[in-house]
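Coordinate analysis (summary)
Each chain is listed here by its residues.
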Amino acid sequence: MLLKFAILACKYVVTTLDRNEKLRNDSSPTCDQLQFRQIVGSGIYLTITQPDLSYLVGLLSQFMQKPTTEHMYCVHRIQRYVSGTIDRGLLYMKGALQLLGYTDATT
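Note that the structure is a prediction, hence the values are computed from the model and not measured.

**Considerations on the packing of helix α1 (residues 33-46) against helix α3 (residues 69-84)**
- Contact geometry of α1 with α3 gives a least axis separation of 10 Å together with a crossing angle of 40 degrees. Judged on the interaxial angle alone, α3 and α1 are oblique. For the crossing formed where α1 meets α3, the hand is left-handed. Residues Q35, F36, I39, V40 and L46 of α1 pack against H71, M72, V75, Q79 and V82 of α3.
- Class assignment of the residues belonging to the contact of α1 with α3 gives a composition of seven nonpolar, three polar and no charged.

Laid out in C-alpha cells, this is it:
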C-alpha cells in the first residue's frame, strides 16, 4: 500500500483518528474518487493483518460515493499510521490455535 501510493517517506502518527473527529457527508469540496476508492480498498485488504484498522476503514468505506477532502485527510492519516506500524501485524500459522487475551480494564 505504501509503495503503491508513494508515501514511504512520510512522517508517521501513533493513532488512526483524532478522538473528537466526526466524519460526515457535507458540502465540503470533493476529492479524487478513484484514488480514494483505491486507498480504502487497499485498507480493507490490510485489515486482515492489522485488525486495529477495521473500524476506521469501515467508516471511510461509507463515503465511497462522494468522498470529500476531509475523508481524504483521514485516508492519508491511515497511511501515515501504517507507515509507523509496518513491523506489527498478525501471523496466522497452521496448527493448533490457542487464543489468549489481555486487558487493562480499570473502570
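**Topic: α3**
- With 16 residues, α3 should cover 22 Å at 1.5 Å per step; its first-to-last C-alpha distance of 23 Å lies within 8% of that length.
- Along α3, the residues classified as buried are E70, H71, M72, C74, V75, R77, I78, Q79, Y81, V82 and S83.
- In this structure, the buried side of α3 is in contact with α1 and α2 (54-60).

**Topic: the side chain of T47**
- Note that T47 resides in the loop between α1 and α2.
- With relative accessibility at 19%, the residue T47 sits in the buried group.
- Within the local environment of T47, its side chain forms a polar contact with the backbone oxygen of I44, the two atoms lying 2.6 Å apart.
- In contact with T47, other than residues within four places in its own chain, are L53, S54 and V57.

Rules behind the numbers
- Chains are numbered independently. Their residues run from 1 in the order of the written sequence.
- In keeping with the predicted nature of the model, local features appear solely for residues at pLDDT of at least 70, side-chain atom pairs appear and are counted solely at 80 or more, and the whole-chain, interface and lining totals rest on all residues.
- The basis for every side-chain value is the complete set of heavy atoms in the structure, and neither hydrogens nor water enter the calculation.
- In this description, a line fitted to the C-alpha atoms serves as the axis of each element, helices being fitted only across the stretch in contact, and the angle between N-to-C directions of two axes falls anywhere from 0 to 180 degrees.
- Only runs of H or I of at least four residues qualify as helices and only runs of E of at least two qualify as strands under DSSP, and these elements are numbered from the N terminus.
- In these notes the angle categories are as follows: under 35 degrees is roughly parallel, over 145 is roughly antiparallel, 65 to 115 is roughly perpendicular, and the rest is oblique.
- In a left-handed crossing the near helix is turned counterclockwise from the far helix by less than a right angle, and in a right-handed crossing that turn is clockwise.
- The contact rule is simple, with two residues in contact once any of their heavy atoms fall within 4.5 Å.
- All amino acids are sorted into three groups, where Ala, Val, Leu, Ile, Met, Phe, Trp, Tyr, Cys and Pro are nonpolar, Asp, Glu, Lys and Arg are charged, and the leftover types, Gly among them, are polar.
- A helix is expected to reach a length of 1.5 Å times the quantity of its residues less one.
- The rule is simple: take the accessible area with a 1.4 Å probe, protein chains only, and divide by the maximum for that residue type; under 20% is buried, over 50% is exposed, in between is partly exposed.
- Between N or O atoms, a polar contact is any pair within 3.5 Å; within protein, one atom must be a potential hydrogen donor and the other a potential acceptor, and residues adjacent in sequence are included only when both atoms are from side chains.

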